[in-house]
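Descriptive structure summary
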Amino acid sequence: MDKFREECGVFGIFGHPEASNLTYLGLYALQHRGQESAGIAASDGTVVRHHKAMGYVNDAFNSDALAKLPGSLAIGHVRYSTAGESLVANAHPIVVDSVHGQLAVCHNGNLVNAGELRDALVRCGAIFQTNSDTEVVVHLFARSRENGVEAAVVDAISQVRGAFSFVMMTKDRVIGVRDPHGFRPLALGKLGAAWVVCSETCALDLIGATYVRDVEPGEVIVISSAGLRSIKPFGPARQSQCIFEHVYFARPDSFVFGESVNEVRTQLGRTLAQEAPVDADVVVPIPDSGVCAGIGYAEASGLPMRMGLIRNHYVGRTFIEPQQSIRHFGVRVKLNPVKSILDGRRVVLIDDSIVRGTTSRKIVRMVRSAGAREVHMRISCPPTVSPCFYGVDTPRRSELIAATHTLDEIRKYLDADSVAYLSLDGLTSAVRGGKAKYCTSCYTGVYPVAFPRDEAAYLQLALKLNPEPASPPEEPEHSIGFRDFAKNTLVG
């Protein structure tokens, strides 16, 4: 389907005898955030062991693999690569042994200055085993001259810039880190005496844990036998929580950034109905992404909502396409229209976003072929006009239909009778803090954390930046350079 690709999901638990088994379940709940690889590291208090593989969580692990991960603390990761190739070498956790001891690292987000840090480290003799931006952090940790694990972790993460929610583990503690801008979510929970940290609260629900609070932007939490300790090593920064978590990425049963995803998405639908009403017979959400907004749209418009498109939930990652052409095959294998609902009716199709428009076009035509008299497309977010540099795999700007076409051109391309998007004000009004706390760069092209000016080639490869010159990004609120390891001074 023509959607943004999810980022990654992280999970960690301290103080439970079945830590690796619970981490497996937690990753299962977070599978929607990444489907390329899965990995778990566990410790029995003396040594960190790990296992990772390509594929879904249930492909990567079985009872034998989990039995080889004993201990009462564990961390895990599901990955979709936004920087670095889709290879098992780039899968997380990344586990290293250094002068500070063993460290396992799981990362959700993207480090915009990873390229320049990597170059500096290579010049100082570092040897990289992956092309993941996260490996930069473990090298910074290993080379830190600070005393103790916690000080070395803080030293390392103080040198990176961008979006990061880390879950790390040593042989005797779990560490959670959220970047000062708070781009990516990180929730804290408890299961009896055990502490849990994870990307979304749906992972807490599955294992029976209770949500306590979010890890705050710029906070480092250290969980050990002494309990939980909070460190706040960063200076103040503008909050820039990713609004797309509420639009699409997170599961609707999760609480993200302290708010119910289901309630936010339903409110987006209500506001969309107020902003873009249409004289129609039935509201049909595109499953599963448009269901919450469809409920809100139907509620506010007074129109009935019917499931006029049925999703096949058993489609795997790959399938064999027939040699003979079957109309709309690529979409129909995942969605099928219900003719009795659509035939002869004026239909409002609800979805959360349009990226390239290719899938939306096929769905509109499929609904028409099922007998719909009119098809009106309504989108519960603003037009996406800019790529993301903070952990979301978005296409080049030239591939985003809203960046290159007018609204009427989009309508004609989709073969719809009308098309309307939710306004930016309508989007931000549905979340607490609105524009003051959320990043909306994919809708505005205004980036809260600048990427290095000499990183154009790196970003072009890893983050799908346009080949043509772009407007200069905003200057960062403060400049973070890289350490000259020989002198142990900050330069750049």
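Source: prediction; values computed, not measured. Residue positions are given per chain, counted from 1 along the sequence in the order it is written. Given that the model is predicted, a residue must reach a pLDDT of at least 70 before its local features are reported, and side-chain atom pairs must reach 80 or more before they are shown or counted; all residues, however, enter totals for whole chains, interfaces and linings. Water and hydrogen atoms play no part in the side-chain values, which are based on all heavy atoms of the structure.

If you look at the biggest cluster of nonpolar residues, it comprises 73 residues, and the most contacted ones within it are Leu349, Met377 and Tyr390. Looking at this core element by element, the count peaks at 5 residues for helix H9 (residues 261–275). The term nonpolar core refers to a set of buried residues drawn from Ala, Val, Leu, Ile, Met, Phe, Trp, Tyr and Cys, joined through side-chain atoms within 4.5 Å. With a 1.4 Å probe rolled over the protein chains alone, any residue whose accessible area is under 20% of its type maximum counts as buried; one over 50% counts as exposed, and the rest are partly exposed. Membership of the second largest hydrophobic core comes to 29 residues, among which are Leu27, Ala29, Ala38 and Leu204. In DSSP terms, a helix is any run of H or I states spanning at least four residues, a strand is any run of E spanning at least two, and both are numbered starting from the N terminus.

Below, the discussion takes up the packing of aromatic side chains. Each aromatic ring pair is described using two quantities: the centre-to-centre distance and the angle formed by the ring planes. Geometry of aromatic contacts follows a simple scheme: Phe, Tyr and Trp rings, the Trp one being its six-membered ring, pair when their centres are within 6.5 Å, and the pair is stacked under 30 degrees between planes, edge-to-face over 60, tilted otherwise. Counting across every chain of the model gives 10 aromatic pairs. With centroids separated by 5.2 Å and ring planes inclined at 70 degrees, the aromatic side chains of Phe244 and Phe249 adopt a geometry described as edge-to-face. We classify Phe244 as buried; its relative accessible area is 2%. Grouped by ring-pair contacts, the aromatic residues Tyr24, Tyr28 and Phe61 constitute a single cluster. Throughout this description, the term charge over a ring refers to an Arg CZ or Lys NZ atom that lies within 6 Å of the ring centre and within 35 degrees of the ring normal. Directly above the ring of Phe128 sits Arg118, whose terminal nitrogen or CZ lies 4.1 Å from the centroid. Residue placement shows Arg361 over the ring face of Tyr413; its charged tip is 4.4 Å from the ring centre.

Before going further, it helps to examine unusual backbone geometry. With an omega of 5 degrees, the peptide bond between His92 and Pro93 qualifies as cis. Here Pro93 shows up in the loop between strand E4 (73–79) and strand E5 (94–98). Here Pro287 and Asp288 are connected by a cis peptide whose omega angle stands at -5 degrees. Examined against the element boundaries, Asp288 turns out to sit in the loop between strand E17 (282–285) and helix H10 (291–301). Within the chain, Phe257 stands out as a residue other than glycine whose phi angle is a positive 55 degrees. Here Phe257 lies in the loop between strand E15 (255–256) and strand E16 (259–260). With a phi angle near 65 degrees, Asp415 is a residue other than glycine that sits in the positive phi range. Inspection of the secondary structure assignment puts Asp415 in the loop between helix H15 (407–414) and strand E22 (418–421). Since its relative accessible area comes to 31%, Asp415 is described here as partly exposed.

Our focus in this paragraph is the packing of helix H4 (residues 114–123) against helix H5 (residues 135–143). With axes taken as lines fitted to C-alpha atoms, and helix axes fitted only over the stretch in contact, angles between N-to-C directions fall between 0 and 180 degrees. Their axes nearest at 10 Å, the elements H4 and H5 cross at an angle of 45 degrees. Taken as axis vectors, H4 and H5 run oblique relative to one another. As for how H4 packs across H5, the hand of that crossing is left-handed. The residues of H5 that touch H4, namely those facing Ala114, Leu117, Arg118 and Leu121, are Val136, His139, Leu140 and Arg143. Of the residues that constitute the contact of H4 with H5, the class distribution is 5 nonpolar, 1 polar and 2 charged. Geometric relationships in this document are graded by angle, where less than 35 degrees denotes roughly parallel, more than 145 denotes roughly antiparallel, 65 to 115 denotes roughly perpendicular, and other angles denote oblique. A crossing counts as left-handed when the near helix is turned anticlockwise from the far one by less than a right angle, and as right-handed when that turn is clockwise. Any two residues whose heavy atoms approach within 4.5 Å are treated as being in contact. In the scheme used here, Gly and all other residues not listed as nonpolar or charged are polar, with Ala, Val, Leu, Ile, Met, Phe, Trp, Tyr, Cys and Pro taken as nonpolar and Asp, Glu, Lys and Arg as charged.

At least two bridges found by DSSP between two strands are what make those strands a pair. Within the open sheet, the 4 strands sit side by side as E17-E20-E21-E22. Their pairing is parallel. The two strands at the open ends of the sheet, each matched to only one other strand, are E17 and E22. Ignoring which end each strand starts from, the neighbouring axes of this sheet average 20 degrees apart. The strands touched by H10 within the sheet are E17, strand E20 (346–351) and strand E21 (374–379), with E17 carrying the most contacts at an inclination of about 165 degrees. Lying over the sheet, helix H13 (residues 358–369) contacts E20 and E21, oriented at roughly 150 degrees with respect to E21.

What follows covers the pairing of strand E12 (residues 220–224). By the criterion of burial, E12 is predominantly enclosed, with 4 of the 5 residues buried. Bridge count for strand E8 (residues 174–178) against E12 is 4 bridges, and the pairing is antiparallel. The residue of E12 that forms the bridge with Ile175 is Val222. Where E12 meets strand E13 (residues 227–231), 5 bridges bridge the pair, whose relative direction is antiparallel. Across the sheet, Ile223 pairs through a bridge with Leu228, a residue of E13. Counted along the chain from E12 to the antiparallel partner E13, the turn is 2 residues long.

Following the sequence through the fold, Val196 ends up in strand E10 (residues 194–198). Separated by 15 residues in sequence, Val196 and Tyr211 place their C-alpha atoms 8.9 Å apart.

In spatial order, the strands read E5-E6-E7-E8-E12-E13; together these 6 strands make up an open sheet with antiparallel pairing. Unpaired on one side and paired on the other, E5 and E13 mark the two borders of the sheet. Direction aside, the axes of adjacent strands within the sheet are offset by 20 degrees on average. Bridging between strand E7 (residues 162–169) and E8 involves 5 bridges; their strand directions are antiparallel. In the sheet register, Met169 faces E8, and the bridge partner there is Val174. Sheet contacts for H5: E5, strand E6 (101–111) and E7; angle to E5, the most-contacted strand, approximately 15 degrees.

Let us look at H4. When H4 is considered as a whole, its buried residues turn out to be Ala114, Gly115, Glu116, Leu117, Ala120 and Leu121. Just past H4, the residue Gly125 takes up positive phi, approximately 100 degrees.

By definition here, a salt bridge exists when the distance from a side-chain nitrogen of Lys or Arg to a carboxyl oxygen of Asp or Glu is within 4 Å. Within the structure shown, the criterion is met by 21 salt bridges. Here Asp253 and Arg251 are joined by a salt bridge, their closest N and O atoms 2.6 Å apart. A relative accessible area of 36% places Asp253 in the partly exposed class. On the accessibility criterion, Arg251 (29% relative accessible area) is partly exposed. Through salt bridges with shared partners, a single ionic network connects Arg33, Arg184, Glu200 and Glu245.

This brings us to the environment of Met307. Among the structural elements, Met307 can be located in the loop between H10 and strand E18 (309–311). The spatial distance from the C-alpha of Met307 to the C-alpha of Gly294 is 9.8 Å, given a sequence separation of 13 residues. Setting aside anything within four residues of it in sequence, one finds Met307 in contact with Pro285, Pro287, Val291, Val338 and Ile341.

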